[in-house]
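# Coordinates in review
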Amino acid sequence: MKRGFPCVHPASLLAALLLAAPPATAVTPAELLGNGEYQRAFETAVGRGDALTASRAAAAMTEYRAGGRDWTARAVQAARQAVTAAPDSPDSHLALGSALGLQARAGGYTLGALNTAQQARAALDRALSLAPDRADIQAVLAEWHAGAWVKAGVFSGGNAERARTLATRAARAAPDSVFVQGHAGISLALLKDPQARAVLTRAAALPATAALDRDVQAQVRTVLGTLPATD
């Protein structure tokens with residue numbers, strides 16, 4: 001009897017190799033968020049029970065992809081879930097404050113929007129109390145105060161000096177963060193502060209390490225274009 005290797009069909013061999021190969025590493029919600037795939041990041045985060053990343057992704061859809069009120073509502077809902085799951089997490093409260101801030105901004109000049117804005121401030125204040133040295137929280141809270149002050153003055157609860165102090169402190173603490181420089185600069189621009197141009201220019205010039213950075217820089221360039229020309 002003639003001995004030799006058994007005859008294996010090529011298709012069967014390929015199937016066996018595929019089954020034996022290690023599974024490809026799944027892309028995480030955080031990676032999708034960093035890549036600017038905000039909708040997919042949201043859907044993946046929801047599927048994995050990652051409420052914090054889901055809120056960030058939904059907020060990014062609103063802020064940078066013109067996602068509209070539905071995405072803002074998703075950002076708020078996911079952030080509330082994140083706070084419930086981790087009540088002592090500054091990131092959860094930051095996400096909630098940011099999402100509520102977007103919701104208040106879309107609400108216009110109504111009592112409901114004012115109430116939502118106050119909830120946003122409370123969440124951001126809580127985030128800062130949990131992490132008082134976090135420059136990103138300082139920058140977002142500065143933008144809340146600046147925006148509220150410009151929108152409705154003392155009636156909004158906004159404080160121009162508080163905004164200026166927080167923005168300046170954040171910009172000095174994180175000179176290489178596109179996010180911090182961008183939001184600190186936007187806060188100063190809202191107040192027509194002479195420091196705004198320098199901070200925004202730095203934000204636009206910093207190397208972008210993620211799509212989120214590039215989206216912030218696009219927003220920064222828009223604000224830069226509204227500033228009065230210098231002599």
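The numbering scheme is per chain: residues are counted from 1 as the chain's sequence reads. pLDDT decides what is reported in this predicted model: residues at 70 or higher carry local features, side-chain atom pairs at 80 or more are listed and counted, and totals for whole chains, interfaces and linings draw on all residues regardless. Side-chain metrics rest on all non-hydrogen atoms present in the structure, leaving aside hydrogens and water.

## As for the overall build of the protein
Under the scheme used here, helices are H or I runs from DSSP no shorter than 4 residues and strands are E runs no shorter than 2 residues, and both carry numbers assigned from the N terminus. Across its full length, the protein carries twelve helices and zero strands. Its helices and strands in sequence order give the protein the pattern α-α-α-α-α-α-α-α-α-α-α-α, from N to C terminus. Any two residues whose heavy atoms approach within 4.5 Å at even a single point are treated as in contact. At a minimum sequence separation of 6, the contacts of the protein that also span at least 24 residues come to 54%. Approximately 12,600 Å² of the protein is accessible, and the part contributed by carbon and sulfur atoms is 59%. Accessible surface area values rest on a Shrake-Rupley calculation with a 1.4 Å probe, where residue burial reflects the displayed protein chains alone.

## Some thoughts on the packing of aromatic side chains
How two aromatic rings sit relative to each other is set out by the distance from centre to centre and by the angle between their planes. Whether two aromatic rings pair depends on their centres lying within 6.5 Å, for rings of Phe, Tyr and Trp, where Trp uses its six-membered ring; planes under 30 degrees apart make the pair stacked, over 60 edge-to-face, and the rest tilted. Tallying each qualifying case throughout the model produces two aromatic pairs. Summarising the aromatic geometry, the rings of Y38 and Y64 are spaced 6.4 Å apart at their centres and angled 40° between planes, so their arrangement reads as tilted. On the criterion of sequence distance, the pair formed by Y38 in helix α3 (residues 38–47) and Y64 in helix α4 (residues 51–65) is long-range, its members being 26 residues apart. Taking 5.1 Å as the distance between ring centres and 80° as the angle between the ring planes, the aromatic pair formed by F42 and W71 counts as edge-to-face.

## Things to note about unusual backbone geometry
Unlike most non-glycine residues, A66 shows phi in positive territory, near 50°. Structurally, the position occupied by A66 is in the loop between α4 and α5 (69–85). The class for A66 is exposed, based on a relative accessible area of 71%. Notably, K192 is not glycine yet its phi reads approximately 55°, a positive angle. Structurally, K192 is set in the loop between α10 (178–190) and α11 (196–205). Summary of the burial criterion: residues with accessible area below 20% of their type's maximum are buried, those above 50% are exposed, and those between are partly exposed, where the area comes from a 1.4 Å probe applied to protein chains only. In this structure K192 comes out as exposed when scored by relative accessible area, which is 74%.

## Thoughts on the environment of A60
Mapped onto the elements of the fold, A60 is located in helix α4. Along the backbone, A60 and L212 are 152 residues apart, and their C-alpha atoms lie at a distance of 8.2 Å.

## A closer look at a nonpolar patch on the surface
A patch is a set of surface residues, each over 30% in relative accessible area and not in a salt bridge, joined within 9 Å for like charges and within 5 Å for the nonpolar side chains Val, Leu, Ile, Met, Phe, Trp and Tyr. Should a side-chain nitrogen of Lys or Arg be within 4 Å of a carboxyl oxygen of Asp or Glu, the pair is scored as a salt bridge. Residues W149, V150 and L190 make up a contiguous nonpolar surface patch of about 240 Å² in total accessible area. Its location among the elements puts V150 in helix α8 (residues 135–152). By relative accessible area, V150 is classed as partly exposed at 47%.

## Observations concerning the environment of E31
By secondary structure assignment, the location of E31 is in helix α2 (residues 29–34). A C-alpha to C-alpha distance of 9.4 Å links E31 and A210, two positions 179 residues apart in sequence.

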